[in-house]
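Okay, here's what each chain looks like letter by letter:
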Amino acid sequence: MDGNVVVVGGSSGLGKEIAGHYASNGWDIVVTSRDADRARAAATEIGGSTTGISLDLSAPHEIGARLADLGSVRYLVVAAVERDENTVTDYNIDGAIYLSTLKLVGYTEVVHALLPRFTNDAAVVLFGGLAKDRPYAGSTTVSTVNGGVTTMINTLAVELAPLRFNAIHPAIVGDSPYWEGKPAEVLEAVRTRTPTGRLVTTADVVHAVVFLLENGSVNAVNLVVDGGSLLG
Ligand SMILES: NC(=O)c1ccc[n+]([C@@H]2O[C@H](COP(=O)([O-])OP(=O)(O)OC[C@H]3O[C@@H](n4cnc5c(N)ncnc54)[C@H](OP(=O)(O)O)[C@@H]3O)[C@@H](O)[C@H]2O)c1
């Protein structure tokens, strides 16, 4: 297979499952964590030909050096996030700067740093989320940076053609590590307002990411994976 699959934020959750999908299909994988030991442990768990490296998106000046040793890249998934519950009434400026840097500058800098390594048919998927469409008290920064991802893919797709850039915006993924431990009534409220009558699963998200990466004509698409929950 031509080039690696790189998953930034591949040490847990959705990113790790995407890495696992490609590892089990024989690809060379690179997963990242902020912590070198966690990255190595995740790589071992994922198995196949998987390498773990440390990288912190909130320190964008260091990203280029962290990615300097990578080989060619066919598929890049940037899934990393740090949750930020941050109301405007009780505004945490440091938290807002951290998440804004991580998502807006960090995501972009990963693409910039990997530019010399992308194959001609490379594709990139960036993770957003639905807080931009379904805001809640405390989601101002999350909603704003997810909104930023929806437009970031357009500029990247125009400037860096023929590379393809798409974004995925899942609803709450019920079996993801972040949500599976939450109170049942919280998840049940989401399930009942979802027209499909079920929560989005990790497998649904992996399937959608594979589609965005591998369909050669899907470009600059913001794909909502929510079972129609925005209608509810
Ligand atoms: N789970 C959901 O229901 C859901 C719904 C909608 C959207 N999403 C989006 O999907 C993506 C993945 O979510 P998830 O639930 O799978 O997340 P997760 O399990 O919390 O994993 C987050 C990943 O991001 C990495 N990370 C955190 N801070 C980082 C930083 N400063 N620099 C680099 N990496 C960092 C973590 O690595 P270490 O902690 O090892 O450093 C980990 O690999 C996120 O963008 C999230 O917003 C998730």
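Here the structure is a predicted model, which is why all the values come from computation and not from measurement.

Draft legend 1. Inspection of the pairing of strand β2 (residues 28-33) at higher detail. Where burial is concerned, most of β2 is hidden: 5 out of the 6 residues are buried. Looking at chain direction, strand β1 (residues 4-8) and β2 are connected through 3 bridges and run parallel. By the bridge assignment for β2, V5 is matched with I29. Read from β1 through helix α1 (residues 13-24) to β2, the crossover connection turns out right-handed. With 6 bridges joining them, β2 and strand β3 (residues 49-54) adopt parallel strand pairing. Bridge pairing links T32 to I53 in β3. Where the polypeptide runs from β2 across helix α2 (residues 36-46) and back to β3, its parallel neighbour, the crossover connection is right-handed.

Draft legend 2. Representation of the site of the ligand within the structure. Near the ligand you find 30 residues, and of these S11, L14, S33, R34 and R38 are the closest. At 3.3 Å, a backbone N or O of G9 approaches an oxygen atom of the ligand. S12 places a side-chain nitrogen or oxygen 2.8 Å from an oxygen atom of the ligand. Burial of the ligand by the protein chains amounts to 91% of its free accessible area of 900 Å². Those elements that place two or more of their residues in the shell around the ligand are α1 and α4 (93-114). By residue number, the principal contributor to the shell around the ligand is α4, which donates 4 residues. Grouping the amino acids of the shell around the ligand by side-chain chemistry returns 15 nonpolar, 9 polar and 6 charged.

Draft legend 3. Just α1, in detail. With 12 residues, α1 ought to run about 16 Å at 1.5 Å a step, and its terminal C-alpha atoms sit 17 Å apart, in line with that. Buried within α1 we find G13, L14, G15, K16, I18, A19, Y22 and A23. G26 sits one or two positions beyond α1 and adopts a positive phi of about 90 degrees.

Draft legend 4. Region of the structure containing the pairing of strand β6 (residues 164-170). Judged by how many residues are buried, β6 sits mostly within the fold: 7 of 7 residues are covered. Along β6, one buried face is formed by R164, N166, I168 and P170 and the opposite face, lined by F165, A167 and H169, is buried too. Two strands pair when backbone bridges link them, and strand β5 (residues 118-127) and β6 are joined in this way by 5 bridges, in the parallel orientation. Within β6, the residue paired with F127 across the bridge is I168. Of the strand pairs in this sheet, β6 and strand β7 (residues 222-225) are connected by 4 bridges, and their pairing is parallel. If you follow I168 over to β7, its bridge partner there is L223.

Rules behind the numbers
- Residues numbered from 1 in each chain as written.
- Predicted model: local features only at pLDDT ≥ 70, side-chain atom pairs only at ≥ 80, totals over all residues.
- Heavy atoms only, no water.
- Buried < 20%, exposed > 50% of the residue type's maximum accessible area, 1.4 Å probe, protein only.
- Helix = DSSP H or I, 4+ residues; strand = E, 2+ residues; numbered from the N terminus.
- Pairing = 2+ DSSP bridges.
- Right-handed = clockwise from strand over helix to strand, strands pointing away.
- Near = heavy atom within 4 Å.
- Polar contact = N/O pair within 3.5 Å; in protein donor to acceptor, adjacent residues only side chain to side chain.
- Areas by Shrake-Rupley, 256 points an atom, 1.4 Å probe, with all protein chains shown as cover.
- Nonpolar A, V, L, I, M, F, W, Y, C, P; charged D, E, K, R; others polar.
- Expected span 1.5 Å × (residues − 1).

Geometric values such as these leave the question of function open.
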